[in-house]
Amino acid sequence: MKKTVKDVDIQGKKVLMRVDFNVPLKDGEVADDTRIRAALPTIRYLVDGGAAVTLCSHLGRPKGKPDDALRMDPVAERLSELLGTEVKKADDCIGDKAASARAGLKPGNVLLLENTRFHEGEKANDDDFAEELAQGADLFVNDAFGAAHRAHASTEGVARLLPAVAGFLMSREIEVLDHLIANPAPPVVAIFGGVKISDKIGVLERLLDKADTLMIGGGMANTFFLAKGLEIGDSLAETDSLETAGEILEKAGDRIMLPVDVVIAESPDRPEGRKTVAVDAVPGGWKILDIGPETVKQFSDKLKEAKTVLWNGPMGLFETAPFDEGTRAIAEMLTRLDADTYIGGGDSASAVNGAGVADKMTHVSTGGGAFLEYLEGRTLPGVAALADAS
Ligand code: ADP
Ligand code: MG
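Residues numbered from 1 in each chain as written. Chains lettered and ligands numbered in written order. Predicted model: local features only at pLDDT ≥ 70, side-chain atom pairs only at ≥ 80, totals over all residues. Heavy atoms only, no water.

## Quick look at a negative patch on the surface
On the surface, a cluster of negative charge is contributed by Asp96, Asp126, Asp127, Asp128, Glu131 and Glu132. Considering every element that reaches the negative patch, the biggest residue donor is helix α5 (residues 127–134), with 4 residues. Inspection of the secondary structure puts aspartate 96 in helix α3 (residues 95–103). Residue class for aspartate 96 comes out exposed when judged on its relative accessible area of 70%. (Patch = residues over 30% accessible without salt bridge, like charges linked within 9 Å, V, L, I, M, F, W, Y side chains within 5 Å. Areas by Shrake-Rupley, 256 points an atom, 1.4 Å probe, with all protein chains shown as cover. Salt bridge = Lys/Arg side-chain N within 4 Å of Asp/Glu carboxyl O. Lys, Arg positive; Asp, Glu negative; His and termini not counted. Charge placed at Lys NZ, Arg CZ, Asp CG, Glu CD. Helix = DSSP H or I, 4+ residues; strand = E, 2+ residues; numbered from the N terminus. Buried < 20%, exposed > 50% of the residue type's maximum accessible area, 1.4 Å probe, protein only.)

Rendered as structure tokens:
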């Protein structure tokens, strides 16, 4: 257990808070504000408790230098609307611009610093950069679970320089995922999709020991099809992971479920020509883009017995209708179960949001990489650096 904002005195304090405002932008506006909303309870608690709040986050992948397309201005604007109070914005996260903006803060004020990744010191976890971020603050609050698997200056470095506690989002993620790791109600079903096995190999191997059933869909299944000697036409696959896929198949035995039918098309741009075929009947030149209805049925029947379901990775090319049907069907199936349901991964969370069923899940994690690494049993540097609850 980690200390939280509730365990420390915040009245009149200058707080540096790390948030995960790495949100998708479109035409200079925030396209999905889920991550901003997720940080609101902690920000409101600090504001109401009389702290002066300086927020910082990374956004996208600028290369250690300013990139106008990745400035935090649209985020500050959206946060202002959601909070219902003015959110000031500094045009840098360190240096004079940041220092003068921070010096002027009064209790209850909120300031958002510029993108931390505009400086190389962020990803390098540079001590001087971390010290500048920490400058003048009495307390560090980390609510950025989604960035906790990175030992960067704003997640790990500053936590070594200031008293450091978890925000509500961070502490809830830890609590819920700890419960999932330690006490999942059996039977446990893990559903994996997306494309790359190599991104998820650690957690797949761990779940081979923990889960009663492992369902594989999405592009990831293609690599398993290849490992079984099936033809997959022009579908995406990860040939570097063929051997791993074979080992997983062998270890899992009949605990692994692969799709039995798939939706294929010659191109995702021509969905009208799509077909549903058995997995051993994919013609050359075609692409597997979703799981088929018989697979949905088989997965659903097995899911009915589950008491715990863990899901990471969409079942198909869910961004492009109608190849979202398999993913949607699984999302909707989960709402009908008498089971605890845990969703993790950026695309998985957006698929569940898109299907309008996020609030029917036990937990939709704000973590992608952090979610997978935590379940794998790895120590997240951003979490480890926070003070332990006594
Ligand atoms: P998450 O972010 O939830 O961890 P991933 O990033 O691993 O999920 O995978 C999501 C991506 O996988 C999506 O962009 C989706 O379109 C893609 N995908 C899933 N199945 C297929 C497929 N059969 N062909 C091509 N892309 C696929
Ligand atoms: Mg993703």
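Structure shown, so let's carry the discussion forward.
## A word on the pattern of salt bridges
Enumeration over the complete set of coordinates arrives at 19 salt bridges. Residues aspartate 388 and lysine 2 are paired through a salt bridge, measuring 2.8 Å at the closest nitrogen-oxygen approach. In this pair, aspartate 388 sits in the segment after α15 (381–384) while lysine 2 sits in the segment before β1 (14–18), placing the two residues 386 residues apart along the sequence. Judged by relative accessible area, lysine 2 falls into the buried class, the value being 15%.

## Notes on the side chain of arginine 18
Looking at the element boundaries, arginine 18 is found in strand β1. A distance of 3.0 Å separates the side chain of arginine 18 from the side chain of histidine 58, its partner in a polar contact. Leave out the neighbours within four places in its chain, and arginine 18 touches Cys56, Ser57, His58, Glu122, Phe140, Val141, Asn142, Asp143, Ala144, Ala147, Ser154 and Thr155. (Polar contact = N/O pair within 3.5 Å; in protein donor to acceptor, adjacent residues only side chain to side chain. Contact = heavy atoms within 4.5 Å.)

## Re the domain arrangement of the protein chain
Structurally, the protein chain comprises domain 1 (5–168) and domain 2 (176–376). Taking the mean C-alpha position of each, domain 1 and domain 2 sit 34 Å from one another. Taken together, the contacts link 7 residues of domain 1 with 10 residues of domain 2. Taking both sides of the interface into account, the surface hidden between domain 1 and domain 2 amounts to around 650 Å²; carbon and sulfur atoms contribute 62%. (Domains from an automatic or database assignment. Buried area = accessible area lost by both parts, 1.4 Å probe.)

## Some thoughts on the sheet that holds β1
If you walk across this open sheet you meet the 6 strands as β5-β6-β4-β1-β7-β8, and the pairing is parallel. Edge positions in the sheet fall to β5 (87–89) and β8 (164–166), since each has one partner strand and no second. Geometrically, the sheet is characterised by an average inter-axis angle of 25° between neighbouring strands, direction not taken into account. Pairing between β1 and strand β4 (residues 52–56): 5 bridges, direction parallel. Residue pairing for β4: leucine 16 is matched across the bridge by threonine 54. (Pairing = 2+ DSSP bridges. Axes fitted to C-alpha atoms, helices over the stretch in contact; angles between N-to-C directions.)

## As for the packing of helix α8 (residues 201–210) against helix α10 (residues 242–252)
Orientation of α8 relative to α10, taken along the N-to-C sense of each, is 15°, at an axis distance of 10 Å. With respect to α10, the element α8 is oriented roughly parallel. Where α8 crosses over α10, the two elements pack in a sense that is left-handed. Where α8 approaches α10, its residues Ile201, Leu204, Glu205 and Leu208 are matched on the opposing element by Thr244, Ile248, Lys251 and Ala252. Tallied by class, residues from the contact of α8 with α10 come to 5 nonpolar, 1 polar and 2 charged. (Parallel < 35°, antiparallel > 145°, perpendicular 65-115°, else oblique. Left-handed = near helix turned anticlockwise from the far one by under 90°. Nonpolar A, V, L, I, M, F, W, Y, C, P; charged D, E, K, R; others polar.)

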